[in-house]
Amino acid sequence: MPLLLPHTLALIALLPLFGFLLNGFFATALGGHRANERVASIVGCAFPIAAFALTIKAFLDLQAGGFTPIVEPLYRWALIGSSSFEIAFYFDRLSAIMTLVVTGVGSVIHIYSTGYMHADKSYGRFFAHLNLFLFFMLLLVLGRSLLVLFVGWEGVGLASYLLIGFWFDDLTNAKAGRKAFITNRIGDAGFLLGMFLLYRAFGTLDMDTINGAFLTGSEVAMIVPASLVGLLLFIGATGKSAQIPLYVWLPDAMAGPTPVSALIHAATMVTAGVYLTARMSGIYMMAPEASQVMAVVGVLTAFFAATVALVQTDIKKVLAYSTVSQLGFMFLALGVGAYGVAIFHVVTHAFFKACLFLGAGSVIHALGGEQDIRKMGGLRTKIPVTFWTFAIATAAIAGIPGLAGFFSKDEILWYAFASAKGGAPWLWGMAALTALMTAFYMFRLLWLTFMGASRMSHEVEHHVHESPISMTGVLMLLALLSAGGGYIAIPHFLEAQIPLPPIVESLEHYEHTLLIVSIVLAFAGLGLAVFMYGGPPSRAEAIKQGSLPVHRLLSGKYFVDELYDRAIVKPLVWFSDVVLLRGSDKLLDGSLNGLASLAQRSAGMLGRMQTGSLHLYALLVMVGIVGALLWSWRHV
Amino acid sequence: MDRVTLLLWLSGALFSLGLLGVIVRRNALVMLMCMELMLNGVNLSLVTFSQQRGDAAGAVLVFLVFVVATAEIALAIPIVLLLVRFKRSMDIDRYSDLKG
């Protein structure tokens with residue numbers, strides 16, 4: 001029905017914006033809280049759900065058209081000389097998947113939030129910001145030009161900042177928001193430079209055009225070094241998608257409300273970097289060096305984040321480091337050329353990580369704000385729905401066979417090992433070790449939270465209650481998707497658009513061996529966690545005491561924050577304070593005062609010539625006249 | 001020494017005398033009179049040159065100078081009067097309010 005709705009794609013993006021405007025004006029302090037909680041929830045949820053419905057319709061249209069990309073020009077933004085900047089939307093297999101995930105997972109998290117944020121004093125503001133985030137995220141995934149993508153890219157950064165610092169009364173939350181914002185800006189500088197390079201070479205920022213030019217090897221594409229552009233764009237991606245060295249903001253971003261952590265900092269926004277790379281795969285296919293860097297950074301991020309997650313005691317921090325680690329897996333896949341597989345992992349990760357975060361939110365909700373897993377335990381029978389959904393999602397991320405995470409992670413491992421475009425056994429080894437650690441720390445989390453005896457204080461234990469249906473319903477839906485999401489063959493679906501890398505032939509017969517190894521690793525992680533935390537608490541304590549220096553290093557998160565503080569923040573503060581503030585005081589004030597006193601002193605000296613003696617003046621006039629006469633007599 | 005040279009020397013002497021008076025005398029009125037002396041020294045030279053060249057323009061110019069000198073004195077005397085009333089003195093050295 002393209003006749004009825006000529007601007008379906010624009011409408012998908014704009015619907016959440018309407019929600020933002022309505023809630024922003026009527027349900028916040030700005031409009032004097034004219035709309036109550038019920039109205040705010042209906043407005044806040046209806047628009048994302050409508051956007052989801054429209055996305056399904058657009059997807060069906062796409063399918064009916066034989067998956068020819070739908071291009072929908074909306075508006076000419078600017079015309080400078082001969083180059084025009086269009087706001088156009090682009091809908092192909094890749095953006096279809098991303099849009100479905102964003103609107104789908106986004107909608108259910110909105111519904112969940114109606115329960116989680118119930119009775120918060122800024123209820124309307126929360127929904128307004130959440131809708132604003134969806135708008136920018138949809139702009140990001142639907143934009144045809146890099147420019148539109150960039151607007152969305154910055155917009156989600158803004159929304160993320162607003163939502164991390166949602167409870168800004170507490171200074172640490174506000175600081176966490178600021179940290180996220182500033183860290184992202186560093187990455188964005190790289191992204192912008194990459195965009196400038198591309199624009200200089202092609203005179204356009206339309207991503208399909210640029211990709212096509214690189215893939216066909218046109219002469220223009222030869223001018224720009226693909227690796228340089230690839231690396232610059234990757235710097236942008238490391239900021240947004242929390243990779244080494246810019247990952248430090250994501251763990252702190254857990255200061256925001258839990259639905260925000262689920263939606264923005266697990267399921268959607270942080271995968272924007274992965275989407276960008278997959279979208280610009282034409283460049284990366286021509287840039288083996290950039291891809292190599294990406295694979296190495298990805299696997300290192302995955303590995304180190306997983307080691308940190310082993311010892312965290314805050315339920316959300318474990319999940320945060322787990323997210324960083326999983327994003328590392330995605331970049332590993334991108335680095336070895338398996339773009340479709342990375343997107344596959346984005347989708348399954350969106351399901352199970354959203355489920356885990358929302359489950360954690362349900363636990364926190366039940367315990368009245370407690371996040372320390374050392375003060376939990378024994379919740380299995382008290383909040384059974386949360387427990388079962390959390391367990392399914394844990395199994396999914398750990399890679400227990402048959403669940404969603406197993407399929408996507410196993411494909412990543414396989415391509416890391418055998419891809420002809422940069423796969424290497426050591427990449428596989430690191431990734432497999434990370435997978436083992438993932439299984440271990442996730443089951444550790446599950447055990448410490450839900451199993452064993454209760455370590456809660458009596459008062460907290462008394463108040464434990466299962467969450468309302470708006471939350472548990474969403475949990476069940478996401479658990480279902482975590483279990484079954486792996487059967488959607490996304491790499492296969494995307495292969496028509498972004499081909500998978502070829503496999504090194506001599507390694508082909510290893511596939512089943514590796515499969516068995518990863519299954520064994522998943523169960524080994526499970527077994528290890530059960531052995532350590534299923535038994536008496538003294539056992540875990542003994543192991544901790546046995547490896548105290550390592551434990552300290554890990555729970556200190558390798559002291560990266562401290563390192564950045566010493567190496568970057570402190571010198572900057574010093575420079576601003578001493579050189580810029582006090583130095584400029586001296587320089588500016590000093591130069592102005594100097595000029596003034598110079599004028600004063602020279603005036604004093606010149607003033608001395610005014611002796612007040614008329615005779616002297618007359619004499620001087622005379623001397624002057626005589627001098628002039630003498631001179632003219634000599635020279636004329 | 002012919003007449004022209006003599007008159008020119010006289011003119012120069014008058015001018016120098018006036019100048020000396022302006023420079024050394026401290027009485028404001030005397031200074032004004034000395035200025036008139038300088039003016040008349042110049043007038044004398046003008047008339048002398050006019051005679052020598054047989055051209056009346058120089059003599060006419062002298063009348064113009066007289067007129068201007070009269071007007072100047074008509075302004076200068078009241079100014080001196082005001083100053084004297086202000087300072088109760090004719091001494092020019094006491095008029096040094098604008099000294100730097």
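What this report covers is the structure whose coordinates are included nearby. (Residues numbered from 1 in each chain as written. Chains lettered and ligands numbered in written order. Predicted model: local features only at pLDDT ≥ 70, side-chain atom pairs only at ≥ 80, totals over all residues.)

**Quick look at the overall build of chain A**
Secondary structure assignment for chain A yields 27 helices and 2 strands. Counting only C-alpha atoms and orienting by the principal axes, one finds that chain A spans roughly 115 × 65 × 60 Å. Buried positions account for 50% of the 636 residues belonging to chain A. In chain A, the share of contacts with a sequence separation of at least 24, taken over all contacts with a separation of at least 6, comes to 81%. (Helix = DSSP H or I, 4+ residues; strand = E, 2+ residues; numbered from the N terminus. Buried ≥ 20, exposed ≤ 12 C-beta atoms within 10 Å, placed from the backbone. Contact = placed C-beta atoms within 7 Å.)

**Considerations on helix α11 (residues 258–267) of chain A**
For an α-helix the count is 3.6 residues per turn, leaving residues at separations of three or four pointing the same way. Residues and elements named next belong to chain A. Counting buried positions along α11 gives 10 out of 10 residues, so the element sits mostly inside the fold. Residues T258, P259, V260, S261, A262, L263, I264, H265, A266 and A267 constitute the buried set of α11. On its buried face, α11 sits against α3 (93–116), α4 (123–142), α5 (146–164), α10 (249–252), α15 (315–335) and α16 (339–366).

**What to know about the packing of α3 of chain A against α4 of chain A**
If you want to describe how two helices pack, look at the angle between their axes and the distance between the axes. Residues and elements named next belong to chain A. Across the interface, α3 lies against α4 with an axial gap of 10 Å and an inter-helix angle of 175°. Comparing their axes, α4 and α3 come out roughly antiparallel. Within the contact between the two elements, α3 uses S95, M98, T99, V102, G106, H110 and S113 and α4 uses F126, L130, L134, M137, L138, V141 and L142. Its residues assigned to classes, the contact of α3 with α4 shows 9 nonpolar, 5 polar and no charged. (Axes fitted to C-alpha atoms, helices over the stretch in contact; angles between N-to-C directions. Parallel < 35°, antiparallel > 145°, perpendicular 65-115°, else oblique. Nonpolar A, V, L, I, M, F, W, Y, C, P; charged D, E, K, R; others polar.)

**Concerning the interface of chain A and chain B**
On the side of chain B, 9 residues touch chain A, which itself brings 12 residues to the contact. Counted by class, the side of chain A that touches chain B contains 5 nonpolar, 6 polar and 1 charged residues.

**Comments concerning the nonpolar core**
Counting residues in hydrophobic clusters, the biggest one holds 208 residues, and the most contacted among them are L332, A333, A342, I343, A354 and A431 of chain A. In this structure A333 of chain A touches A338, V341, A342, H345, I412 and Y415 of chain A, once residues within four positions along its chain are discounted. Among the nonpolar cores identified, the runner-up in size contains 6 residues, and A28, M31, C34 and I92 of chain B belong to it. (Core = buried A, V, L, I, M, F, W, Y, C linked by C-beta atoms within 7 Å.)

**Structural notes on helix α3 (residues 57–87) of chain B**
Residues and elements named next belong to chain B. With 31 residues, α3 should reach 45 Å at 1.5 Å per residue; the first-to-last C-alpha distance of 44 Å fits that figure. When you tally the buried positions in α3, you get 0 out of 31 residues, a small fraction of the element. Phi turns positive, to about 55°, at R88, one or two residues after α3. (Expected span 1.5 Å × (residues − 1).)

All quantities given are derived from atomic positions and should not be read as evidence of function.
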